[in-house]
Amino acid sequence: MRTAYSVETVRAAERELMARLPEGALMQRAAAGLAAACADVLGRVYGSRVVLLIGSGDNGGDALYAGARLARRGAGVTAVLLAPERTHPGGLAALRRAGGTLVTPGAAEQIVRRADLVVDGIVGIGGKGGLRPDAAPLAELAADSRAAVVAVDLPSGIEADTGEVLGAAVRADLTVTFGTHKPGLLIDPAREYAGSVRLVDIGLELPDQAELEALQHADVAARLPVPGAASDKYRRGVLGVAAGSARYPGAAVLAVSGALRGGAGAVRYVGPAGDAVIAAFPETLVSDKGPHKAGRVQAWVVGPGAGDDASAVAEVLAAEVPVLVDADGLRLAERGAVRARSAPTLMTPHAGEAAALLGVSRAVVEGARLASVRELAGLYGATVLLKGATTLVADAGGGVVRVNSTGTAWLATAGSGDVLSGLAGSLLAAGLSAVDAGSVAAYVHGLAGRFAADGAPAGAHDVASAIPAAWRDIRD
Ligand SMILES: NC(=O)C1=CN([C@@H]2O[C@H](COP(=O)(O)OP(=O)(O)OC[C@H]3O[C@@H](n4cnc5c(N)ncnc54)[C@H](OP(=O)(O)O)[C@@H]3O)[C@@H](O)[C@H]2O)[C@@H](O)CC1
Ligand SMILES: Nc1ncnc2c1ncn2[C@@H]1O[C@H](COP(=O)(O)OP(=O)(O)O)[C@@H](O)[C@H]1O
Ligand SMILES: [K+]
């Protein structure tokens, strides 16, 4: 499991560790890891041109000490000091001793243009509220140069705890972060600014519960349902899918396509698109009599392409099994009915649907994804999976939020969300908790999207067809 901790938690762990170590030891660990990463990016350190962008805090200190290490290995290192009189004194002295050069921001444009590597030590976890006007132009210079950009701890200008980007921010090719990932490195839009992320262990002892966690292959493999000798189709779980309409029969087909590859033993389809479903997937048990007459299921998916069938949504919400609500179902589900449920509910909006439920604009949700998913989960007393380039899954009770980034932008194609709903529903029917079903489904779906696209456009049905390959890859 990859975890991320809030700034407050990082600060507390840092204080505790600093009290036990000689002064400056932690910063030296950080600087050593940073210098090694910079050397990897450069390939050849000797003779390279390195520019350090230095703010007035310890983030600048890390960059200065790392710059000194690179200078000792033969790099030409120049530090641009945003606040010369408040620059980290030890770091500054170290760079001077190693032969580095110091300049003011006025000289930055010329040297950044000729640099091989720009190191962003403007601000780290002490930053608040977007880059200030004196620092913002440096971020733009770095973006315009042909140099590789390495961010120290996090790209300056992003909000470490939330992943929001409130103004100008540095766009890095690599972020070297210390002790733990910070939530902002894993959540869009900030995640995009971080580039790839390298974690340097500096010995911080962190509490059990993180702010954010991201499943890895092994975590997903441990959660995927696998039948045993005693399994039969009922014990594996039966999923009911109430989806599709005369206008959108395809949504039903796609939801069922995800469901059949999600580990349930059988899929019951209820709705007006039975012929289309049977034509594509003859193994589906089809009925048009409404959810309450469909026979026993261990979980329901309701909503994809469902049009305005509010009664089907209400019927499904009244069932005492886990329910996944997606697409039209989100609009039609009464908040009170969701809150009154005793079995788990998993809601799966994209940013636009979440915005409509919260009564805000889509831009507000996209800018503040972590706060939005938590708020929606609290409002409905449900587990909420917020789709997007990174997918977040939050429980109503607060606590750790799951994040997934296995996907690819090729997944932004009509119907891929329907496939996800069937897949996640199937995992609910197989007995996974709502958080596990949502986050495991997002992981598998993202990987399937990568396999299906492989650098070229793919349709949602291709994504569904790639689910078995993703599943095998995870279990290998
Ligand atoms: N935690 C750990 O375990 C370890 C932490 N380490 C390192 O320390 C870093 C944290 O250092 P930190 O606390 O000195 O804060 P930092 O990020 O340098 O920023 C403060 C400075 O930025 C300024 N500033 C603020 N907002 C701004 C803005 N929007 N735009 C522009 N400027 C802004 C602010 O100015 P002021 O408000 O004082 O005028 C202040 O001077 C951490 O990220 C990591 O790199 C490692 O060395 C070892 C282990
Ligand atoms: N830029 C992106 N990068 C990665 N995944 C994405 C991106 N855009 C969308 N997705 C994923 O594609 C799916 C789209 O779902 P949704 O918006 O419900 O589409 P639809 O309603 O057409 O089925 C979600 O799983 C979402 O996380
Ligand atoms: K930084």
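Residues numbered from 1 in each chain as written. Chains lettered and ligands numbered in written order. Predicted model: local features only at pLDDT ≥ 70, side-chain atom pairs only at ≥ 80, totals over all residues. Heavy atoms only, no water.

Undergrad: Could you clarify how one ought to interpret the site of ligand 2 in this entry?
TA: The full set close to ligand 2 counts 17 residues, and Lys387, Gly388, Gly415, Ser416 and Gly417 are the nearest of them. For ligand 2, an oxygen atom lies 2.9 Å from a polar atom in the backbone of glycine 388. Considering ligand 2 on its own, with 580 Å² of exposed area, one finds that the protein chains cover 77% of that surface. (Near = heavy atom within 4 Å. Polar contact = N/O pair within 3.5 Å; in protein donor to acceptor, adjacent residues only side chain to side chain. Areas by Shrake-Rupley, 256 points an atom, 1.4 Å probe, with all protein chains shown as cover.)

Undergrad: In this structure, what is going on with the domain arrangement of the protein? I would like to understand it.
TA: In many reports, interface size means the accessible area that the parts give up when they come together. Domain boundaries in the protein define domain 1 (2-210) and domain 2 (217-475). Averaged C-alpha coordinates put domain 1 and domain 2 at centres separated by 40 Å. On the side of domain 2, 12 residues touch domain 1, which itself brings 10 residues to the contact. Where domain 1 abuts domain 2, roughly 810 Å² becomes buried across the two surfaces, and 60% of that area is made up of carbon and sulfur atoms. (Domains from an automatic or database assignment. Contact = heavy atoms within 4.5 Å. Buried area = accessible area lost by both parts, 1.4 Å probe.)

Undergrad: Explain the pairing of strand β5 (residues 117-121) here, please?
TA: It is a general feature of regular strands that their side chains alternate between the two faces of the sheet. Of all 5 residues in β5, 5 are buried; the element is thus mostly enclosed. Bridging between strand β2 (residues 49-54) and β5 involves 5 bridges; their strand directions are parallel. Residue valine 51 lies in a different strand from β5, and its bridge partner there is valine 118. Summarising the sheet, β5 and strand β6 (residues 148-152) pair through 4 bridges and their orientation is parallel. Paired with valine 118 across the two strands is valine 149, which belongs to β6. For the handedness criterion, the β-α-β arrangement of β5, helix α6 (residues 136-144) and β6 is classed as right-handed. (Buried < 20%, exposed > 50% of the residue type's maximum accessible area, 1.4 Å probe, protein only. Helix = DSSP H or I, 4+ residues; strand = E, 2+ residues; numbered from the N terminus. Pairing = 2+ DSSP bridges. Right-handed = clockwise from strand over helix to strand, strands pointing away.)

Undergrad: Explanation requested: the sheet that holds strand β14 (residues 323-325) in the structure shown.
TA: Two pairing modes exist for strands in a sheet, parallel and antiparallel, and in both the strands are linked by backbone hydrogen bonds. Taken in spatial order, the 11 strands line up as β1-β9-β18-β17-β16-β15-β14-β13-β10-β11-β12 in an open sheet, and their pairing is mixed. Of all the strands in the sheet, the pair left with one neighbour each is β1 (2-4) and β12 (285-287). Averaged over all pairs of adjacent strands, the angle between their axes in this sheet comes to 20°, without regard to strand direction. Of the strand pairs in this sheet, strand β16 (residues 383-386) and strand β17 (residues 391-394) are connected by 3 bridges, and their pairing is antiparallel. (Axes fitted to C-alpha atoms, helices over the stretch in contact; angles between N-to-C directions.)

Undergrad: Even after reading the chapter, I still don't get helix α19 (residues 460-475), so can you show me in this structure?
TA: Because the α-helix completes a turn every 3.6 residues, residues three or four places apart line up on one side. If you check α19, its first and last C-alpha atoms are 23 Å apart, about what 16 residues at 1.5 Å a residue would give, namely 22 Å. Maximal helix bending in α19 amounts to about 35°, located at alanine 466; proline proline 468 follows within four positions. Those residues of α19 hidden inside the fold are in contact with α8 (217-223), α9 (249-260), α17 (416-429) and α18 (434-453). (Expected span 1.5 Å × (residues − 1). Bend = angle between axes of the 7 residues up to and from the residue.)

Undergrad: Looking at this structure, I do not really get the UniProt feature "binding site: AMP" (unreviewed entry) in the protein. What am I missing?
TA: The feature "binding site: AMP" (unreviewed entry), as annotated in UniProt, sits at Lys387, Gly388, Ala389, Thr390, Thr391 and Gly417 in this numbering. In sequence the annotated residues extend across 31 residues, while in space they remain close, none of their C-alpha pairs exceeding 13.5 Å. Within the secondary structure, alanine 389 is located in the loop between β16 and β17. In contact with alanine 389, not counting residues within four places along its chain, are Asp188, Arg191, Asn404 and Ser405. Mapping glycine 417 onto the fold places it in helix α17. Beyond its immediate chain neighbours, meaning those up to four positions away, glycine 417 contacts Asp326 and Lys387. (UniProt positions renumbered as here; feature names shortened; annotations may be inferred.)

Undergrad: What is the right way to read the sheet that holds strand β7 (residues 174-178) from this model?
TA: The 7 strands lie next to each other as β4-β3-β2-β5-β6-β7-β8, forming an open sheet whose pairing is parallel. The open sheet is flanked by β4 (101-103) and β8 (196-200), the only strands paired with a single partner. Strand-to-strand twist of the sheet, defined as the mean angle between neighbouring strand axes without regard to direction, takes the value 20°. Each of β2, β5, β6, β7 and β8 touches helix α2 (residues 25-42); the most contacted strand, β7, lies at about 160° to it.

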